[in-house]
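# Observations on the model geometry
Take a look at the letters that make up each chain.
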There are 2 protein chains.
Amino acid sequence: MSATVPSKEDIVAEFRRRSIIQAACHVFGEKGFEAATVDAIAEAARVAKGTVYLYYASKQAIYDAVFASGMAEIERLIGEQLAAAGSARAAIAAFVTVRAEYFQQHPDFFRVYVAEIARLVAASPESRGACQAALDRQTRALQKVMEKAVAAGEVRPVDPEAAALAVFDMSKGLIGRRLLLGTRGGSHKDITFLTDLIWSGLKPARGQKK
Amino acid sequence: MSATVPSKEDIVAEFRRRSIIQAACHVFGEKGFEAATVDAIAEAARVAKGTVYLYYASKQAIYDAVFASGMAEIERLIGEQLAAAGSARAAIAAFVTVRAEYFQQHPDFFRVYVAEIARLVAASPESRGACQAALDRQTRALQKVMEKAVAAGEVRPVDPEAAALAVFDMSKGLIGRRLLLGTRGGSHKDITFLTDLIWSGLKPARGQKK
DNA sequence: TGATAAAATGACCAGACAGTCAGTCAAGTG
DNA sequence: CACTTGACTGACTGTCTGGTCATTTTATCA
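Each chain carries its own residue numbering, running from 1 in the direction its sequence is written. Chains and ligands are labelled by the order in which they are written, letters from A for the one and numbers from 1 for the other. Where local features are concerned, this predicted model is filtered to residues with pLDDT of at least 70; where side-chain atom pairs are given and counted, the filter is 80 or more; whole-chain, interface and lining totals use all residues.

### Observations concerning the overall build of chain A
Each helix corresponds to a stretch of at least 4 residues labelled H or I by DSSP, and each strand to a stretch of at least 2 residues labelled E; elements are numbered beginning at the N terminus. Within chain A, the regular secondary structure consists of nine helices and zero strands. Secondary structure of chain A in N-to-C order comes out as α-α-α-α-α-α-α-α-α. Along the first, second and third principal axes, the C-alpha set of chain A runs to 70 × 50 × 40 Å. Counting other C-beta atoms within 10 Å of a residue's C-beta gives its exposure: the residue is buried at 20 or more, exposed at 12 or fewer, and partly exposed in between, where C-beta atoms are placed from the backbone. Classification of the 210 residues of chain A by burial places 34% in the buried group. Residue pairs at least 24 apart in sequence account for 66% of intrachain contacts in chain A once pairs closer than 6 positions are excluded. Each residue is represented by a C-beta atom placed from its backbone, and any two residues with such atoms within 7 Å are regarded as in contact.

### Thoughts on the protein's contact with DNA strand D
Whether a residue is near a molecule or strand depends on its C-beta atom, placed from the backbone, lying within 6 Å of it. DNA strand D sits among 18 residues. The nearest are Val47(A), Ala48(A), Gly50(A), Thr51(A) and Gly50(B). Counting only elements with at least two residues in the surface near DNA strand D, the list comes to helix H1 (8-31) and helix H3 (49-55) of chain A together with helix H2 (38-44) and helix H3 (49-55) of chain B. Sorting elements by how many residues they give to the surface near DNA strand D places H3(A) first, with four residues. Throughout, the ten residues Ala, Val, Leu, Ile, Met, Phe, Trp, Tyr, Cys and Pro are labelled nonpolar, Asp, Glu, Lys and Arg are labelled charged, and all others, Gly among them, are labelled polar. Grouping the constituent residues of the surface near DNA strand D by class yields six nonpolar, five polar and seven charged.

### Brief notes about the relation of the copies chain A and chain B
What connects the two chain copies is a rotation about an axis and a shift along it. Laying chain A over chain B is done by rotating through 180° and shifting 0.0 Å along the axis; what remains is an RMSD of 0.1 Å. Both copies of the chain, as the preceding transformation shows, are related through a two-fold rotation axis. For chain A, the smallest separation between a C-alpha atom and the rotation axis is recorded for Gly201(A), amounting to 1.8 Å. Looking at chain A, 100% of its interface residues are interface residues in chain B too, so the copies touch through the same face. Least squares is the method used to superpose the copies, on C-alpha atoms of residues holding a pLDDT of at least 70 in both.

### Regarding the nonpolar core
By definition, a nonpolar core groups buried Ala, Val, Leu, Ile, Met, Phe, Trp, Tyr and Cys residues that connect through C-beta atoms lying within 7 Å of each other. Counting residues in hydrophobic clusters, the biggest one holds 108 residues, and the most contacted among them are Ala24(A), Ile41(A), Val167(A), Ala24(B), Ile41(B) and Val167(B). Those residues within four positions of Val167(A) in sequence are excluded, and the remaining contacts are Ile92(A), Phe95(A), Val96(A), Leu142(A) and Ile198(A).

### Let's talk about the protein's contact with DNA strand C
Near DNA strand C you find 17 residues, and of these Gly50(A), Val47(B), Ala48(B), Gly50(B) and Thr51(B) are the closest. Mapped by element, the contributors of at least two residues to the surface near DNA strand C are helix H2 (38-45) and H3 of chain A together with helix H1 (8-31) and H3 of chain B. Take the surface near DNA strand C: its biggest share by element is four residues, from H3(B).

### Brief notes about the environment of Gln22(B)
Checked against the element boundaries, Gln22(B) lands in helix H1. For the pair Gln22(B) and Val66(B), spaced 44 residues apart in sequence, the C-alpha to C-alpha distance is 7.7 Å.

### A closer look at the interface of chain A and chain B
Contact with chain A, which involves 33 residues of that partner, is made by 33 residues of chain B. Sorting the residues of the side of chain A that touches chain B by element identifies H1, helix H6 (107-122), helix H8 (160-181) and helix H9 (189-202) of chain A as the ones contributing at least two each. With 12 residues, the single largest contributor to the side of chain A that touches chain B is H8(A). Per-class residue counts for the side of chain A that touches chain B are 18 nonpolar, six polar and nine charged.

### Details of helix H7 (residues 129-151) of chain A
All names here are of chain A. Its 23 residues give H7 an end-to-end C-alpha distance of 31 Å, which sits within 8% of 33 Å, the value for a rise of 1.5 Å per residue. Looking at H7, one finds that the buried residues are Leu 142, Gln 143, Val 145, Met 146, Ala 149 and Val 150. Contacts from the buried residues of H7 go to helix H4 (59-84), helix H5 (88-105) and H8. After H7 finishes, the residue Gly 153 shows a positive phi value of roughly 75°. Any helix carries an expected span of 1.5 Å times its number of residues minus one.

### Comments concerning the packing of helix H5 (residues 88-105) of chain B against helix H9 (residues 189-202) of chain B
All names here are of chain B. It is the contact of H5 with H9, at a shortest axis distance of 10 Å, that shows an interaxial angle of 145°. For the element pair H5 and H9, the recorded crossing hand is right-handed. Where H5 abuts H9, its residues Arg 89, Ile 92, Ala 93, Val 96, Thr 97 and Ala 100 lie against Ile 191, Leu 194, Thr 195, Ile 198 and Trp 199. Grouping the constituent residues of the contact of H5 with H9 by class yields eight nonpolar, two polar and one charged. Orientation is described by lines fitted to C-alpha atoms, with helices fitted over the stretch in contact, and by angles between N-to-C directions that extend from 0 to 180 degrees. Crossing handedness: left-handed means the near helix sits turned counterclockwise from the far one by under a right angle, and right-handed means the same turn made clockwise.

Here is the structure:
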């Protein structure tokens, strides 16, 4: 247990890493992985190109760090909100809302995210690992909620995984459209519609048992 | 009206264009736009690089042609199937099925498609044009079906556009997952689930009027 | 068959970019 | 103040690739 106080060097290094990640998220989001240049990232981070390579071994390593950091943040938020939700319906609404709001506040990362999902579809099975795992953890959190709701008879007996994935897909589409249309915050009408739609689809038929 | 019979030259030119588009779809699907090389496309089409440039002005032009040709095909299929469907429920099922089957039979194009949608989110508003229009035509076809169903009281009074987009998003997610998991044809369980889910969410509450 | 035109080829070029490394300089140390 | 250290810099290099075009091959026809 070496709980040393972070030295000044550590602080500076942490600051640099953060700056580079932020700058890289912006550049990757705007241009995509291939078209983004390390020069542009360095400029956006206000350091020389050589400095970037002091903190990250390659362009790919920068990209990986950007993706991992964003996904970790979202995962944390989803975990918090699902734990706080009182009912299955509230959990669904929270899941959609958290994702929508996070991505709306970080449009650059949303672009990185969408591009990465696209890459996932084209990728070879073995290189899929980390990204797929991060996605799985997100949907599995929602899936757990669905399982409980089915067991409690709160929703009709559907496949919890399929239902969770459906919510996931719809929220992704919703976010994409919001960013395309440039909708600024406000109107939660679409989130409400989506939650209602899925809830109507899930609730037990009147009088239905088990 | 110059209805000339296609000459032999036209036939050969048409054949070359097709070969190049097919080869390009494969290469773009595997590597993405930037990482794909014109050399690789030429090799896959079994022609020299110079020949590719006899038929298309640039790498971008090849890509555009690939995307346009695939989207036109899907649009045609959707139009046919929606026209043939007897009910709103059947139309929803047909919409999902057509897209799922087309993309499953053309996984390369699906990758191009997904990457292009990702690019759309990052793109500047003015460069969005053609791609967005193609997508709009697809969802609008389904939206029309929804409008009629709402008017007929076949489904409860929801926003037809939002409902159509929800179906669209879910079918896209479903296709992506099928390709990721490498599901071979067969099992339509997921399509059935999805159709049921959305239908339960849409049908009028028991006893509800108008 | 020989002449002419059209189509196809692939070596070549220019520009761009990831990654390197010799040199700079500000902060710390005795 | 003289000296050391190491974070930082940015010019440079090797490689790669989109696009060109002089040359070769193939098809057409008199």
